[in-house]
Amino acid sequence: MANLARALLVAAALGASACAHSPGGRAEPDAELREAIAAANDAFVRALVAGDAHGMAAVFTDDALVIPAMQRGFVSGRAELEAYDARRVGALRYLEATITTVQLEVSGDLAWEAGTNRLVVQQGSGAPMTVTGRYLAVWRRGKDGRWRIRAELPIPDPIP
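One structure accompanies this document, and this report is about it. (Residues numbered from 1 in each chain as written. Predicted model: local features only at pLDDT ≥ 70, side-chain atom pairs only at ≥ 80, totals over all residues. Heavy atoms only, no water.)

**Examining the side chain of Asp85**
By the element assignment, Asp85 lies in helix H4 (residues 78-91). For Asp85, the residues in contact, after removing those within four places along its chain, are Ala53, Met56 and Ala57. (Helix = DSSP H or I, 4+ residues; strand = E, 2+ residues; numbered from the N terminus. Contact = heavy atoms within 4.5 Å.)

**Quick word on the sheet that holds strand S4 (residues 110-122)**
Ordered by their spatial adjacency, six strands build an open sheet running S2-S1-S6-S5-S4-S3, and the pairing between neighbours is mixed. The sheet is open, and its two edges are formed by strand S2 (75-76) and strand S3 (93-107), each paired on a single side. Note: S3 against S4, 13 bridges, orientation antiparallel. Bridge assignment links Thr101 to a residue of S4, and that residue is Gly115. In the packing of helix H2 (residues 31-50) onto the sheet, the strands contacted are strand S1 (60-66), S3, S4, strand S5 (129-141) and strand S6 (147-156), and the crossing angle to S3 comes to about 160°. (Pairing = 2+ DSSP bridges. Axes fitted to C-alpha atoms, helices over the stretch in contact; angles between N-to-C directions.)

**A look at the packing of aromatic side chains**
Counted under the stated rule, the structure contains one aromatic pair. Their ring planes at 70° and their centres at 6.4 Å tell us that Phe44 and Phe60 sit as a pair that is edge-to-face. With Phe44 in helix H2 and Phe60 in strand S1, this residue pair connects regions lying 16 residues apart in the sequence. The burial state of Phe44 is the same as that of Phe60; both residues are buried. (Phe/Tyr/Trp six-rings, centres within 6.5 Å; stacked < 30°, edge-to-face > 60°. Buried < 20%, exposed > 50% of the residue type's maximum accessible area, 1.4 Å probe, protein only.)

**Quick notes on the layout of surface pockets**
Size it by volume and the largest pocket reaches roughly 1100 Å³. Along the walls of the largest pocket sit 42 residues, with Arg88, Tyr94, Leu119, Val131 and Pro156 positioned nearest its centre. Those elements giving two or more residues to the lining of the largest pocket turn out to be H2, S1, H4, S3, S4, S5 and S6. Among the elements that line the lining of the largest pocket, the one with the most residues is S5, at nine residues. A per-class count over the lining of the largest pocket returns 29 nonpolar, six polar and seven charged. (1 Å grid on protein atoms, 1.4 Å probe; cavity = no way out; pocket = protein on both sides within 12 Å on 5 of 7 lines; lining within 4 Å. Points joined across faces, edges and corners; volume = space filled by probe spheres on them. Nonpolar A, V, L, I, M, F, W, Y, C, P; charged D, E, K, R; others polar.)

Below you can see the structure in the form of structure tokens.
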């Protein structure tokens, strides 16, 4: 599993580097892909704020791989991801969430997205806190035509 994660990240990095440095090498996503990714991100945000771990995991492929920023190891597969998300929404209340796509490129049935996020969270009766971060997501179009996240690496911004 570690080799798969490493391969996905290396492939995304090399693809991004190659596209950025070769004229005409960048594959511009069409409006349909942009809309599909925006809709999936919106569905994830709605599920996160609602505390719906099942809805959050539904945005990912069955064989998804997430590299959590605040823990060791990997979260592999949609079932494990749903359990991970259930722990997250059980520990914190997500009051607001914004996902912003900064860059999106596509090659066949794979796309990669880099972006930022902003979350307003609350633990228990504590004061709400705003946290921000960045992410890299690899999307895959399924046989049903839907785009879902195959691999994701969220990175929290440093606390000021």
